[in-house]
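Summary of the model geometry
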Amino acid sequence: MNKKNKNILVIALLAAFPAVSFARGEGWVPKPPEPPPLSTLTNEARYIEWKWRCDVTDRSTGIDNATACADVLKLAGELEPVEPWNVVKARCFAYLCDNIAIDVSPYDWFPAFACWDRYKRPLSSVIWRRNGKIGAQFYPSIGQEINEGNRIGKWMVWKDFDHIIPEWDKVISLGFPGMKKRLHDNWKDKPYYKAVGMASDAIDRLLDRLAAQGEKRGGARAVRQAECFRRLKTSAPQTAYDVMQFIYLYFVLSEHFEAVQARSLSIIDQTLWPYYKADLAAGRTTEAEFREQFKHFLWQWGSIDNYWGQPVTMGGTKADGSTEYNPLSLIILDVMDECNLPSPKFHMKVADNTPDAILKKTLDMARRHRSLSFIGEKSCRALLEHRGYPADEARRFVTRGCYEFSTPEAGNGLEGGHVNLVKVVELLLTDAKDGKFDAPDFAAFKKEYIARACATAKCVGDFFYEFEKHLDDVNPALVASLAGEHSVKTGKDAMANGTRTGNNTSTCLSGFGTAMDALIAIKEIVYEKREMSLRELGSLMADNWKGRDDLRLRMLASKRKWGNNDIEVNRMAREISKSLSAVVNSRPNSRGGRFGMSGHNARQFVVQGARTGATPDGRFKGEEFSKNLSPTMGVDTEGVTALINTLSALDSMDFPGDFPLDVMLLPYTVSGDKGLEVMKVLINRYFDNGGFVIQFNVFDAEELRDAQKHPEKYENLQVRVCGWNVRWNDLPRAEQDAYIRRADNLMK
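Residues numbered from 1 in each chain as written. Predicted model: local features only at pLDDT ≥ 70, side-chain atom pairs only at ≥ 80, totals over all residues. Heavy atoms only, no water.

Digging into the overall build of the chain
Cut-off, in case you're wondering: Here a strand is any run of E in DSSP of at least two residues, a helix any run of H or I of at least four, and the numbering for each starts at the N terminus. Throughout, the radius of gyration refers to the C-alpha atoms, and the reference size of a globule is 2.2 Å times the residue count to the power 0.38. Three labels apply to residues, based on accessible area from a 1.4 Å probe with only protein chains included: buried if under 20% of the type maximum, exposed if over 50%, partly exposed otherwise in between. By definition in these notes, contact holds between two residues if any of their heavy atoms fall within 4.5 Å. Accessible surface is estimated by sampling points in the Shrake-Rupley manner with a 1.4 Å probe; for residues, cover comes only from the protein chains shown. Positive charges come from Lys and Arg alone, negative charges from Asp and Glu alone, with His and the N- and C-terminal ends not counted. Here the site of a charge means atom NZ of a Lys, CZ of an Arg, CG of an Asp or CD of a Glu.
Regarding its fold elements, the chain presents 30 helices and 15 strands. Relative to the compact-globule value of 27 Å for 748 residues, the chain shows a C-alpha radius of gyration of 26 Å, a close match. Expressed along its principal axes, the backbone C-alpha trace of the chain runs to roughly 80 × 65 × 50 Å. Across the 748 residues that make up the chain, the buried fraction comes to 64%. Relative to all contacts within the chain whose residues are 6 or more apart in sequence, the contacts with residues 24 or more apart total 79%. Accessible area of the chain: about 26,000 Å², with a carbon and sulfur share of 53%. Both charge centroids of the chain, one from 101 positive and one from 98 negative side chains, sit 2 Å from each other.

Here we look at the pattern of salt bridges
Put simply, the rule is: The term salt bridge refers to a side-chain nitrogen of Lys or Arg lying within 4 Å of a carboxyl oxygen of Asp or Glu.
Going through the model one piece at a time under the given rule, you end up with 71 salt bridges. The residue Glu255 makes a salt bridge to Arg118 at a minimum N-O spacing of 2.9 Å. With Glu255 in helix 10 (residues 240-257) and Arg118 in the loop between strand 2 (112-113) and helix 5 (124-138), this residue pair connects regions lying 137 residues apart in the sequence. Just as Glu255 is buried, Arg118 falls in that class too. A salt bridge links Glu735 to Arg603; its shortest N-O distance comes to 2.8 Å. Taken together, the positions of Glu735 in helix 30 (residues 733-746) and Arg603 in the loop between strand 11 (595-598) and helix 26 (604-607) put the pair 132 residues apart, joining distant regions of the chain. Note on accessibility: Glu735 and Arg603 belong to one class, buried. Salt bridges linked by common partners bring Lys523, Glu524, Glu528, Lys529, Glu531, Arg554, Arg560 and Glu568 together as one network.

Regarding the environment of Phe346
Considering the arrangement of structural elements, one finds Phe346 in strand 5 (residues 345-350). When its relative accessible area of 0% is taken as the criterion, Phe346 is described as buried. Sequence separation between Phe346 and Asp441 is 95 residues; the distance between their C-alpha atoms is 48 Å. Setting aside anything within four residues of it in sequence, one finds Phe346 in contact with Leu298, Val312, Met314, Ile332, Met336, Ser371, Leu372 and Ser373.

Section: helix 23 (residues 534-542)
We apply this condition: Note that the arc is computed from the directions linking the helix axis to the C-beta atoms.
Residues of helix 23 that are buried include every one of Leu534, Leu537, Gly538, Leu540 and Met541, and no others. Buried residues in helix 23, looked at end-on, bunch into an arc of 160°, giving them a common side. Where helix 23 is buried, its residues meet helix 17 (421-433), helix 18 (442-467), helix 22 (512-528) and helix 24 (549-557). Looking at the residues trailing helix 23, positive phi occurs at Asn544, about 60°.

Details of helix 8 (residues 191-217)
Note the threshold: Multiplying one less than the number of residues by 1.5 Å gives the expected span of a helix.
In this model helix 8 runs 39 Å from its N-terminal to its C-terminal C-alpha over 27 residues, within 8% of the 39 Å that 1.5 Å per residue would give. Note on helix 8: the residue one or two positions beyond its end, Gly218, has a positive phi of about 70°.

Considerations on the pairing of strand 13 (residues 693-698)
Put simply, the test is: The pairing criterion is simple: DSSP has to find at least two bridges between the two strands. With its strands directed away from the observer, a crossover is right-handed exactly when the path from the first strand over the helix to the second travels clockwise.
Taking burial as the measure, the six residues of strand 13 include six buried ones, the bulk of the element. Burial along strand 13 is two-sided: the residues Val693, Gln695 and Asn697 and Ile694, Phe696 and Val698 are all buried. Pairing between strand 6 (residues 372-376) and strand 13: two bridges, direction antiparallel. Within strand 13, the position partnered with Phe374 by the bridge is Ile694. By the bridge criterion, six bridges tie strand 12 (residues 660-665) to strand 13 in an arrangement that is parallel. What sits directly across from Leu665, in strand 13, is Val698. Where the polypeptide runs from strand 12 across helix 28 (residues 672-688) and back to strand 13, its parallel neighbour, the crossover connection is right-handed.

Structural notes on the side chain of Lys159
In plain terms, the rule: We define a polar contact as two N or O atoms separated by no more than 3.5 Å, with the added condition that, inside protein, one atom must be a possible hydrogen donor and the other a possible acceptor, whereas residues neighbouring each other in sequence contribute only through side-chain atom pairs.
In this fold, Lys159 is placed in the loop between strand 3 (155-156) and helix 7 (168-185). Despite being buried, Lys159 has no salt bridge partner; Asp473 is the closest side chain of opposite charge, sitting 9.8 Å away. One polar contact links Lys159 to Asn131, side chain to side chain, over a distance of 2.7 Å. A distance of 2.7 Å separates the side chain of Lys159 from the side chain of Tyr139, its partner in a polar contact.

Observations concerning the nonpolar core
Which entries qualify depends on this criterion: In this description, a nonpolar core means a group of buried Ala, Val, Leu, Ile, Met, Phe, Trp, Tyr and Cys residues linked to one another through side-chain atoms lying within 4.5 Å. What fixes the domain bounds is an automatic or database domain assignment.
Counting 236 residues, the largest nonpolar core has Phe113, Phe257, Phe374, Phe445, Tyr449 and Phe696 as the members making the most contacts within it. Per-element accounting of this core gives the leading share, 13 residues, to helix 10. In terms of domain composition, this core takes at least three residues from each of domain 1 (32-138 + 167-261) and domain 2 (146-166 + 406-632). With residues near it in sequence (within four places) discarded, Phe696 still touches Leu363, Phe374, Val663, Leu665, Met679, Leu682, Ile683 and Arg720.

Concerning the domain arrangement of the chain
Let me state the cut-off plainly: By definition, the buried area sums, over both parts, the 1.4 Å-probe accessible area that each loses when the two are put together.
With domains assigned, the chain is organised as domain 1 (32-138 + 167-261) and domain 2 (146-166 + 406-632). Its C-alpha centre places domain 1 at a distance of 37 Å from the equivalent point of domain 2. Listed as interface residues are 35 residues of domain 1 and, on the opposing side, 32 residues of domain 2. For the domain 1 and domain 2 pair, buried surface summed over both sides reaches about 2,900 Å², with 61% attributable to carbon and sulfur atoms. Our count for the contact surface shared by domain 1 and domain 2 stands at one salt bridge. With a shortest N-O distance of 2.8 Å, Glu485 and Lys170 are connected by a salt bridge. In this structure, the connection of domain 1 to domain 2 is made through 18 residue pairs in polar contact (both at pLDDT 80 or more).

Quick word on the state of the cysteines
Quick note on the threshold: In this description, a disulfide is simply a cysteine sulfur pair whose atoms lie within 2.5 Å.
Within the structure shown, the criterion is met by zero disulfides. Between Cys54, a cysteine without a disulfide, and Cys115, which holds the nearest cysteine sulfur, the sulfur-to-sulfur distance is 14 Å.

Dropping the structure here:
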């Protein structure tokens, strides 16, 4: 195909399916500063900071990222007509393992790869092209509808390849050779086994390349790495350092080599503790060396700097009821605190048995803006058992993604798009303006709102039911398949229904709090005070509050908002969530799992907010709306107890995807030892009432204003966004202003 025709094909495919991408579909690509000259990366600190932001590899070892991108695109095009697609991808994966430039630096404990840019991964263009072909072949009629809904913000729909995790303890106990043996023990004459076998063989060859490079480079660290690579080729991990290297390599092979993100780094203290303890007893390491290695381990993801953050779980409960926290937990937290990175982000399991020293340390870290959140073990286990998982599997749950959770054997849960609950209000008012809808009372209006919101959720589920039949036709997950016991035994790709149970799909709700605020405002303006008709209110919203700033400010200041424990708002929210839950949670998906409603909305509070018109709660057109299940920024004026009681009005069992709460506190309210006790009471109350996840921002408005004026003084200041931390200086001004408004309102 000549270049002109090739470009036309690519443009046509992207025009047909631009929103049905295989990424998160949210358009966020951070703009890091220009990398320094490589000649200046001459010490440990600078090297590990920049190794995943530029190419630090030895060019004599292979090709750079741009060449790799072009080569695999060409290779896939040549092979696709003659080979099964999973074999095509396996050959491309093997090509990268054999040819991508690498290095084993004396400045680091972990190797470098030329496919360093997670936004330009070599196989991404291959999968994009395949995605267009599969869409055109299997579901051509829905592409236009999806794209239009994405454009106006009615929903956000995309293909999700970013949430598959292995059963870490099992794969670590097997290592690369154990997984290979298990594959061959179950081998059948099917393309699945050929493709996964090719990937396994390619990993072996990559380990040989890495070991040879470490031996060539010389020096203590490089040689130690080379020895580790040799062990990992022939045995399961033997030391704590081996385990960290294995986890790191698994992540890189999955995300950067084959474009399937492993959204967990295990329950890290539980995973490393037996190896670390054995290392100390045998004299293989020291605490100081472990701290150094673990610092470098964390910095791999700090350097990658995924905006959404890479999750790490800690803690848990043993079968005998005692805690999984151990002496290594405090060491890990010390290193994490010292690094002060937005990513990885730590998910701290909290139960009655959680040691007080752990809880106090992590709460103190939270009020100092470290990247962590708190997970309620009791409520999460109750939800999993409610969904039919055995109690022992529920006990061993692991977190992944932003803070979703699943049993270790059920790591193939994907996100199934976002339903914009605020847009439903806007469209109803638009119909009222145009004379297409009216309601004699608020009960009738609410009934129609619920019907339309449920119809939207069903529609999004219908899209994903079709998509998920063909996920492995687009992007077969070779590394995850190799790691999956059920996948290997059944020959079903991990991206399809390759786990024994838990191939589930979350349908996320966007703007829950803002939607409740808008609905109660409609009731007040139209049906209680009768200040204008529904049609007139629709016209006012279409004009973005033009000429009625008095009314807008009054509604903005109203205390009848989600988050203030207003009985009527709470009752309405429960009714609406129950209705949505009945639609979402009752249906199977097409991968042998189920749909589950989620209160998490990632960055859609900004993305969909920008595509949503003005709303009667005082919000202007295009402004962000509420995050997760939390209130709209700045409207929760009745204190944190009222906020927690508000969330308690919902039934967390209706939210199997997750049930998160964001809390902002003023520093003086949680200072000192008494402040830690206050925070403990808050999280325990939230968890006792069924909450799954709680996370904190502890700021005052003046500090944030000063950070706006003098960013150079606040280079390490972080804020909790929606399941991850972001450096304050990286936030757009409008988002910074929203945090300041909320902090201001806490003072009122």
